[in-house]
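Each chain, written out:
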Amino acid sequence: MLQRVCCSVQDFAALLPHPKAGSHKYSRGILHVIGGSAEYPGAAAMAASSAQRMGAGYTQVWCAPESVHDVRCGRPSLVVRAWDEAAVTKALETDSQRQAAVLFGPGIGVAGSREASLLRAVLRFDIPLVVDGGGLKLLADYAEECGVSSRLSCSSPMVLTPHAGEAATLCKAVGIAERDPKSQASLLADAYGATVVLKGPDTYVSDGSGVYEMTAGSAALAKAGTGDVLAGIIGALLAQGLGGFDAGCIGSYLHAEAGNCAAHELTDICVIPEDVIAHIPSAIRKMEG
């Protein structure tokens, strides 16, 4: 029987990565966001913006050449470069020796061989990794070819953040027939060697041995782009040294509470993803009581 993990707000608050005296941008965590196709530059911009707000010290976006200008304009403090496998590989070779993480997938639309090649390159590194959005379909399509099984022997965590449709695709790729989301989360975690954050009206976080049920969310978050915000929050927590399960639990809870804080101020009708990013500080204060 799948064990239900009981996590308290106090537990979460104790794990928040407050910067230490003498910290600098690199010691606070480097996050590489790989995403933002020509069709969806905003997804990468929102994920990276939420990562900055969640404390990542240095956030760099690798996106389609056509998206570089739009992402830079959306958040001038971001470092933005066109995605290139050689450049990404060189950056990860350097940063895998630092406190760093990768978020792969926000805004990757109809993926092709270039995107699959980038995913293969990322999976070669023993570095904390979040796979979201279009990256999840790539992971399912190229699971064997991309070497997903190699992550089982990695010391660094991988977190997958599917909604129900993406979870079904991931399940089909590895022969999982289960439809209950709580069980799906656990089975997917085992199959992919990952922590799975299965998003929905209730969100289930599992590392395969147990499951945390996050019920604090609301329909205010039911808008395109809020998933990119969640992925950025989790990526930032990984970059700052949290484990996959802790990052998934704390990230999903803070994301839900940021949505609640935004809805309290703006109504549940009017909340947009940018509002959720803006209310991350309110969610942190609420968590810390």
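This is a predicted model, so every value here is computed, not measured.

Trainee: Can you walk me through the nonpolar core in this structure?
Mentor: What tends to happen in soluble globular proteins is that the nonpolar side chains get buried as a cluster. Ranked by internal contacts, the top residues of the largest apolar core, which has 56 residues, are Val33, Met54, Val61, Tyr212, Ile250, Leu254 and Met287. Per element, the largest residue contribution to this core is 10 residues, and it comes from helix 10 (residues 244-266). Ignoring sequence-local partners within four residues, the contact set of isoleucine 250 consists of Phe12, Leu15, Leu16, Leu237, Leu242 and Met287. In this structure, Ile30, Ala64, Val88 and Ala100 belong to the second largest nonpolar core, which totals 41 residues.

Trainee: Which parts of the structure should I look at to understand the pattern of salt bridges?
Mentor: Per the stated rule, a full pass over the model turns up 7 salt bridges. Note that arginine 114 and glutamate 115 form a salt bridge whose closest N and O atoms lie 3.5 Å from each other. A residue is classified by how much of its surface remains accessible, and arginine 114, at 44% relative accessible area, is partly exposed. Across the salt bridge formed by lysine 182 and glutamate 213, the nearest N and O atoms sit 2.9 Å from each other. Here the residue lysine 182 occupies a position in helix 8 (residues 181-192), and glutamate 213 occupies one in strand 10 (residues 210-214), the gap between them amounting to 31 residues. For glutamate 213, a relative accessible area of 19% gives the class buried.

Trainee: What am I meant to see in the side chain of threonine 195 here?
Mentor: With respect to the helices, strands and loops of the structure, threonine 195 is situated in strand 8 (residues 195-198). Of the residues examined, threonine 195 reaches a relative accessible area of 6% and is grouped as buried. At 3.4 Å, the side chain of threonine 195 and the backbone nitrogen of phenylalanine 245 are in polar contact. In contact with threonine 195, other than residues within four places in its own chain, are Met158, Val159, Leu160, Val205, Ser206, Asp207, Gly244 and Phe245.

Trainee: Explain the pairing of strand 3 (residues 58-63) here, please?
Mentor: Regular strands place side chains that alternate from one sheet face to the opposite one. Taking burial as the measure, the 6 residues of strand 3 include 6 buried ones, the bulk of the element. Here strand 3 shows a buried face lined by Tyr58, Gln60 and Trp62 and a second buried face lined by Thr59, Val61 and Cys63. Inspection of the sheet shows strand 2 (residues 30-34) paired to strand 3 by 5 bridges, in the parallel sense. Pairing of leucine 31 across the sheet is with threonine 59, part of strand 3. Here 4 bridges tie strand 3 to strand 4 (residues 79-82), and the two strands are oriented parallel to one another. Among the inter-strand pairings, valine 61 is bridged to a residue of strand 4, identified as valine 80. Considered for its hand, the β-α-β crossover made up of strand 3, helix 3 (residues 68-74) and strand 4 is right-handed.

Trainee: Just checking my understanding: could you explain the pairing of strand 8 for this structure?
Mentor: Of the two faces of strand 8, the one lined by Thr195 and Val197 and the one lined by Val196 and Leu198 are each fully buried. Two elements, strand 7 (residues 158-160) and strand 8, share 2 bridges in a ladder whose sense is parallel. Note on strand 8: the bridge partner recorded for valine 159 is threonine 195. As judged from the 3 bridges shared by strand 8 and strand 9 (residues 203-206), these two strands associate in the antiparallel manner. The partner of leucine 198 across the bridge, within strand 9, is tyrosine 204. Between strand 8 and strand 9, which pair antiparallel and follow one another directly, the connecting turn spans 4 residues.

Rules of the game
- Residues numbered from 1 in each chain as written.
- Predicted model: local features only at pLDDT ≥ 70, side-chain atom pairs only at ≥ 80, totals over all residues.
- Heavy atoms only, no water.
- Core = buried A, V, L, I, M, F, W, Y, C linked by side-chain atoms within 4.5 Å.
- Buried < 20%, exposed > 50% of the residue type's maximum accessible area, 1.4 Å probe, protein only.
- Helix = DSSP H or I, 4+ residues; strand = E, 2+ residues; numbered from the N terminus.
- Contact = heavy atoms within 4.5 Å.
- Salt bridge = Lys/Arg side-chain N within 4 Å of Asp/Glu carboxyl O.
- Polar contact = N/O pair within 3.5 Å; in protein donor to acceptor, adjacent residues only side chain to side chain.
- Pairing = 2+ DSSP bridges.
- Right-handed = clockwise from strand over helix to strand, strands pointing away.

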